[in-house]
Amino acid sequence: MAPAPSDLLALAVRLAEAAGDLLVDQRPDRLQIGTKTTPTDVVTEMDRAAERLVLDGIRAERPGDAVLAEESGGEAGGSGVRWVVDPIDGTVNYLYGIPDFAVSIAAEVDGQVVAGAVRDPSKRLTYTAVAGAGAACNGTPLRCSAVTDLAQALVATGFGYAAARRAKQSRVLTSVLPAVRDIRRIGAAALDLCAVAAGRVDAFYERGLSPWDLAAGGLVAREAGARVEGLHGRGAGADLVLAAPPALFAPLHDLLAAAAADSD
Ligand code: IPD
Ligand code: CA
């Protein structure tokens, strides 16, 4: 029998909060860093320590589940549940001591995200969502913004680590920036999606995100009333993640689709 999403959420919250405490309490003065896809795509020993804490917790409580984790990759399971884990979303912020980073943990059942927790340990905020049951921050229900005019919208975005992708992203930005109130680049996609959920920004878009950047925060944004999709009716994914209130979705989507076509 499939586990109750609320039970999966409780485990996600417990582990995200414990990993967040570890990141804050045990952050060394000098972080040991390595690089991944490019010289600017970094991993620290704290990414690995936080991921170990989360995966050990999952294995202890739910040994039959599959896992997809940013630093250690995938592990199969037979239960129909898969955990999608980013131990630090916003690693560059963490490296520089900028307090905008998060631990992101989502639970999928049969390929669908049913529960997600995003812990912002610096602000002691835990964003949560269960599919069909709404989103909350520290237990207070969340609702995305009601802005309907793109010209009045504060839009968050992010950039990948590869130079070629960044060149395209900067070309897209030249179309978006004149059309909106302003742009924000917070540096942690999971927190961008939670900011949409909380109405602290009106919308968020980014190309090239990985499942762990998106899984938990995407559910939080959706459950707070945002549309979270990709290009041309496709699901949100590496191609595009666009999270926006329903009235803003179509104009922003069309602007991004046109800008993406022009930037290729
Ligand atoms: C990154 C952050 C950033 C986004 C990048 C992601 P990481 O995740 O979410 O805001 O723009 O595309 O890769 O590397 O800090 O886990
Ligand atoms: Ca990460």
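This structure is a prediction, so every number in the text was calculated from the model and none was measured.

### Description of the coordination of the calcium ion (ligand 2)
Metal coordination angles in their ideal form are 109.5 degrees for the four-donor tetrahedron and 90 or 180 degrees for the six-donor octahedron. The protein atoms that coordinate the calcium ion (ligand 2) are Glu-70 (OE), Asp-86 (OD), Asp-86 (OD) and Ile-88 (O), at distances spanning 2.1 to 3.1 Å. Ordering the donors of the calcium ion (ligand 2) by residue number gives the pattern E-x15-D-x1-I. Taken together, the positions of Glu-70 in the loop between β3 (66-69) and β4 (73-75) and Ile-88 in strand β5 (residues 81-89) put the pair 18 residues apart, joining distant regions of the chain. Overall, Glu-70 belongs to the partly exposed group, its relative accessible area being 21%. Judged by its relative accessible area of 1%, Ile-88 is buried.

### Observations regarding the packing of helix α4 (residues 163-176) against helix α7 (residues 246-263)
Look at α4 against α7: their axes get within 9 Å of each other, and the N-to-C directions meet at 135 degrees. By the angle between their directions, the pair α4 and α7 is classed as oblique. Viewed along their axes, α4 and α7 form a crossing whose handedness is right-handed. Together, Lys-168, Arg-171, Val-172, Ser-175 and Val-176 of α4 and Leu-255, Leu-256, Ala-259, Ala-260 and Ser-263 of α7 make up the contact between the two elements. In terms of residue class, the contact of α4 with α7 is made up of six nonpolar, two polar and two charged.

### Description of the packing of helix α5 (residues 189-198) against helix α6 (residues 211-223)
Look at α5 against α6: their axes get within 8 Å of each other, and the N-to-C directions meet at 5 degrees. What the angle tells us is that α5 and α6 run roughly parallel. Taking contact as the criterion, the partners of Ala-189, Ala-190, Leu-193, Cys-194 and Ala-197 in α5 are, on α6, Asp-213, Leu-214, Gly-217, Gly-218, Val-220 and Ala-221. Residue classes in the contact of α5 with α6 are distributed as eight nonpolar, two polar and one charged.

### A short note on the sheet that holds strand β12 (residues 182-184)
The five strands lie next to each other as β12-β11-β13-β15-β14, forming an open sheet whose pairing is mixed. The outermost strands of the open sheet, each flanked by one partner alone, are β12 and β14 (227-229). Each neighbouring strand pair of the sheet contributes to a mean axis angle of 20 degrees, computed without reference to strand direction. Here strand β11 (residues 154-157) pairs with strand β13 (residues 203-206) via three bridges, running parallel. For Val-155, the partnering residue across the bridge sits in β13 and is Ala-203.

Cut-off values and rules
Residues numbered from 1 in each chain as written. Chains lettered and ligands numbered in written order. Predicted model: local features only at pLDDT ≥ 70, side-chain atom pairs only at ≥ 80, totals over all residues. Heavy atoms only, no water. Donors = N, O, S within 2.8 Å, 3.2 Å for Na, K, Ca; no water. Helix = DSSP H or I, 4+ residues; strand = E, 2+ residues; numbered from the N terminus. Buried < 20%, exposed > 50% of the residue type's maximum accessible area, 1.4 Å probe, protein only. Axes fitted to C-alpha atoms, helices over the stretch in contact; angles between N-to-C directions. Parallel < 35°, antiparallel > 145°, perpendicular 65-115°, else oblique. Left-handed = near helix turned anticlockwise from the far one by under 90°. Contact = heavy atoms within 4.5 Å. Nonpolar A, V, L, I, M, F, W, Y, C, P; charged D, E, K, R; others polar. Pairing = 2+ DSSP bridges.

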